[in-house]
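Summary of structural features
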Amino acid sequence: MAIAVLASLAAGVCFAVAGVLQQWAASARPDSEALTVRLLGHLVRDPLWLCGIGLAVVAYGFQSLALAFGPLSLVQPLIVAELVFAVPLSARLHRMRLGRREWWGTGAVAVGLALALASARPHGGDPEAAGAVSWALVVGAVTAGACGALVIARRLDGPWKASATALAAGAVMGTQSVLLAATVDKLRHGLVAALGAWQTYALVVASVCGLLLIQTAFQQGPLAASMTVLDATEPVVAVTVGTVLFGESVHVGWPVSGVTLAGLALVGWGIVRLDTSPVIAALHGRR
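We now turn to the structure provided with this report. (Residues numbered from 1 in each chain as written. Predicted model: local features only at pLDDT ≥ 70, side-chain atom pairs only at ≥ 80, totals over all residues. Heavy atoms only, no water.)

With respect to the pattern of salt bridges
Tallying each qualifying case throughout the model produces two salt bridges. Where Arg29 meets Glu33, a salt bridge forms, and the shortest distance between an N and an O atom there is 2.8 Å. With a relative accessible area of 24%, Arg29 lands in the partly exposed category. A salt bridge links Asp185 to Arg188; its shortest N-O distance comes to 3.8 Å. By relative accessible area, Asp185 is classed as buried at 8%. (Salt bridge = Lys/Arg side-chain N within 4 Å of Asp/Glu carboxyl O. Buried < 20%, exposed > 50% of the residue type's maximum accessible area, 1.4 Å probe, protein only.)

Some points on the nonpolar core
One finds Trp135, Val241, Leu245 and Phe246 to be the most contacted residues of the largest nonpolar core, which totals 48 residues. Ala91, Leu98, Leu274 and Leu283 belong to the second-largest nonpolar core, a separate cluster that totals nine residues. (Core = buried A, V, L, I, M, F, W, Y, C linked by side-chain atoms within 4.5 Å.)

Brief notes about the layout of surface pockets
Estimates place the volume of the largest pocket at around 1,600 Å³. In this structure, the largest pocket is lined by 45 residues; those nearest its centre are Tyr60, Gln63, Gln76, Ser177 and Glu234. Listing elements by their share of the lining of the largest pocket, those giving two or more residues are helix H1 (2-26), helix H3 (47-69), helix H4 (72-79), helix H8 (159-187), helix H10 (198-220) and helix H11 (223-246). Considering only residue class, the lining of the largest pocket consists of 26 nonpolar, 14 polar and five charged. For the second largest pocket, the calculated volume is near 310 Å³. The wall of the second largest pocket is formed by 15 residues, among which Val142, Thr143, Val172, Ala206 and Cys209 lie closest to the centre. Listed by contribution, the elements that provide at least two residues to the lining of the second largest pocket are helix H7 (132-154), H8 and H10. (1 Å grid on protein atoms, 1.4 Å probe; cavity = no way out; pocket = protein on both sides within 12 Å on 5 of 7 lines; lining within 4 Å. Points joined across faces, edges and corners; volume = space filled by probe spheres on them. Helix = DSSP H or I, 4+ residues; strand = E, 2+ residues; numbered from the N terminus. Nonpolar A, V, L, I, M, F, W, Y, C, P; charged D, E, K, R; others polar.)

Regarding a nonpolar patch on the surface
Residues Ile3, Val58, Phe62, Leu65 and Phe69 make up a contiguous nonpolar surface patch of about 410 Å² in total accessible area. Among the elements that line the nonpolar patch, the one with the most residues is H3, at four residues. Topologically, Phe69 is positioned in helix H3. (Patch = residues over 30% accessible without salt bridge, like charges linked within 9 Å, V, L, I, M, F, W, Y side chains within 5 Å. Areas by Shrake-Rupley, 256 points an atom, 1.4 Å probe, with all protein chains shown as cover.)

Points about helix H6 (residues 100-120)
With 21 residues, H6 should cover 30 Å at 1.5 Å per step; its first-to-last C-alpha distance of 30 Å lies within 8% of that length. Of the residues one or two after H6, Arg121 is the one with positive phi, at around 45°. (Expected span 1.5 Å × (residues − 1).)

Details of unusual backbone geometry
Of note, Leu35 is a non-glycine position whose phi angle comes to about 60°, a positive value. Its location among the elements puts Leu35 in the loop between H1 and helix H2 (37-43). Of note in this structure, Arg95 is not a glycine but carries a positive phi near 60°. Of note, Arg95 is situated in the loop between helix H5 (82-93) and H6. Residue classification places Arg95 among the exposed positions, given a relative accessible area of 78%.

Observations concerning the packing of H7 against H8
The description of two helices packed together rests on the angle between their axes and the distance between the axes. Two elements in contact, H7 and H8, have axes whose closest approach is 7 Å; the angle formed by their N-to-C orientations is 160°. By the angle class used here, H7 and H8 are roughly antiparallel. Like other packed secondary-structure pairs, H7 and H8 cross with a definite hand, here left-handed. Here H7 contributes Trp135, Val142, Ala146, Ala149, Leu150, Ala153 and Arg154 to the contact with H8, which in turn contributes Lys161, Ala164, Thr165, Leu167, Ala168, Ala171, Val172, Thr175, Val178, Leu179 and Ala182. In terms of residue class, the contact of H7 with H8 is built from 14 nonpolar, two polar and two charged. (Axes fitted to C-alpha atoms, helices over the stretch in contact; angles between N-to-C directions. Parallel < 35°, antiparallel > 145°, perpendicular 65-115°, else oblique. Left-handed = near helix turned anticlockwise from the far one by under 90°. Contact = heavy atoms within 4.5 Å.)

Here is the structure:
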């Protein structure tokens, strides 16, 4: 269990530094490149951004190690600690100091998300349980939700714009996690079965779209406005979609459901505190 805890925290630190490096590189790109392939084309030639991607790969390695020695209900909440490292580091790089409002906002998102995940404790499920109609409905709903968030983002500015784009990115990446689970399940039946499944190709599309949305969110505003929303949305969507499609179970009843709802409310409160913070707005001005 100690290995799982240490590996989870190491993954959180690596994810934090990776996010800071990617956001620093993406924020230097002009607004005209938002949501275009040109943005990714320029970023893949940026050594700083590539270092961020490399650290993210290392973080996934630590996450895999943690999951080998501990349950998801322990590992995922600990990885959320990346926010506690990433937001202050980003502010430090911009030579700004976080105040009580920003610390409370960041802590609220991290603690609230950890509470929600630890209390819900999703488990079980069968990737082969989902039919074509269910997949179509869920993918259609997520696509509509992501597009709606992007439409709203076009009407916003500053940290709110980055948060709305991160909301779309989180929805796509949450679905990508479910598609990954379905693809891995197909691989158990052989490579031919996986290559013949549409989920494999949908996984590639979702991964590319998710990467573009994440980098655009990083480009549009400070890390505190994008990473907090992304970290909150991705697991919520993944758990919701997994429950609908695979029949995964979550713990319900009192007081478990109350703790889950309180955690999600704390996440929402923290995001609003950060997006309305003058310090975070000033970070946006220093892009």
